[in-house]
Amino acid sequence: MFNTVQQLWQQGVNLVLPHRCPGCESYLPRQAALGFCASCYAQLPWWNPAQLLPPKLPRALTSFHAPLLYEPPLRETLLALKFADATHLAPLLARLLYPSLPIGPHTVLVPVPMHPQALRQRTYNQAALLVQELAKLSGLPCDVLSLRRVRAGEPQHTLTRAGRLRLSRRSFACGPALAGKTVILVDDIMTTGATLAACAGALKAAGVVAVHGRTLAYTRP
């Protein structure tokens, strides 16, 4: 209920106030096609795997891709979405991620979940917002309930690389609804891959056929 009220409030604000570029805060025409100003869009750090090698995939992940690197001006945009209640950015960011989706039969979009305690504090899961927007763009079904985080832990952005890699598969659990499906597992940022690997392990244990990890950004090693 609170999330619905929050989203309606944000939509009302967007109708009244001028749109701003999420990278530099400059004013934009209301129908700006790119969502960013031309300067910030030109500076988006698109990831070229031929120049910066992708990470070694954990066995549970079938594939991984991120369109961009976690660098300015995308970094500031993702931080606003994640920590500053800038939920209105989700449709824009979903459009950047959409072309990388492996769309096929029996495919379901699933967000990396938050622990209920963390979700109560933030009031929304940015990965779930992205999944809901990607479902609108792709026509794929989404499931925001089956995969759950069952063990709380320190926020990922506060952990060292070693701490992230210690994240256990037992931190996540998955119900039977996704058995036999192909899952596109969505998050905002991939740093070490520990969270995606832990989620993919829980999904595979629940009978998921394949898990394709997709994030907006990849953190340069």
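Report follows, based on the coordinates.

1. Side note on a nonpolar patch on the surface
Together, Tyr98, Ile103 and Leu137 line one region of the surface with nonpolar side chains, adding up to about 250 Å² of accessible area. Structurally, the position occupied by Ile103 is in the loop between helix H4 (90-97) and strand E5 (107-111).

2. Structural notes on the pattern of salt bridges
By the definition in use, this model includes 3 salt bridges. With a closest N to O distance of 2.7 Å, Arg220 and Glu71 form a salt bridge. Taken together, the positions of Arg220 in the segment after strand E9 (210-218) and Glu71 in the loop between strand E4 (68-69) and helix H3 (74-83) put the pair 149 residues apart, joining distant regions of the chain. Measuring nitrogen to oxygen at the nearest pair gives 3.4 Å for the salt bridge that ties Glu133 to Lys136. Of this pair, Glu133 and Lys136 both sit in helix H6 (residues 126-138), 3 residues apart, roughly one helical turn. Here Glu133 falls in the buried class, since its relative accessible area comes to 17%. Look at Lys136 and you get exposed, because its relative accessible area is 65%.

3. Points about the side chain of Ser63
In this fold, Ser63 is placed in strand E3 (residues 63-65). When its relative accessible area of 17% is taken as the criterion, Ser63 is described as buried. Polar contacts involving the side chain of Ser63 include one to the side chain of Arg214, which spans 3.2 Å. In this structure, Ser63 is in contact with Leu57, Val211, His212, Gly213 and Arg214, ignoring residues within four places of it in sequence.

What counts and how
- Residues numbered from 1 in each chain as written.
- Predicted model: local features only at pLDDT ≥ 70, side-chain atom pairs only at ≥ 80, totals over all residues.
- Heavy atoms only, no water.
- Patch = residues over 30% accessible without salt bridge, like charges linked within 9 Å, V, L, I, M, F, W, Y side chains within 5 Å.
- Areas by Shrake-Rupley, 256 points an atom, 1.4 Å probe, with all protein chains shown as cover.
- Salt bridge = Lys/Arg side-chain N within 4 Å of Asp/Glu carboxyl O.
- Helix = DSSP H or I, 4+ residues; strand = E, 2+ residues; numbered from the N terminus.
- Buried < 20%, exposed > 50% of the residue type's maximum accessible area, 1.4 Å probe, protein only.
- Polar contact = N/O pair within 3.5 Å; in protein donor to acceptor, adjacent residues only side chain to side chain.
- Contact = heavy atoms within 4.5 Å.

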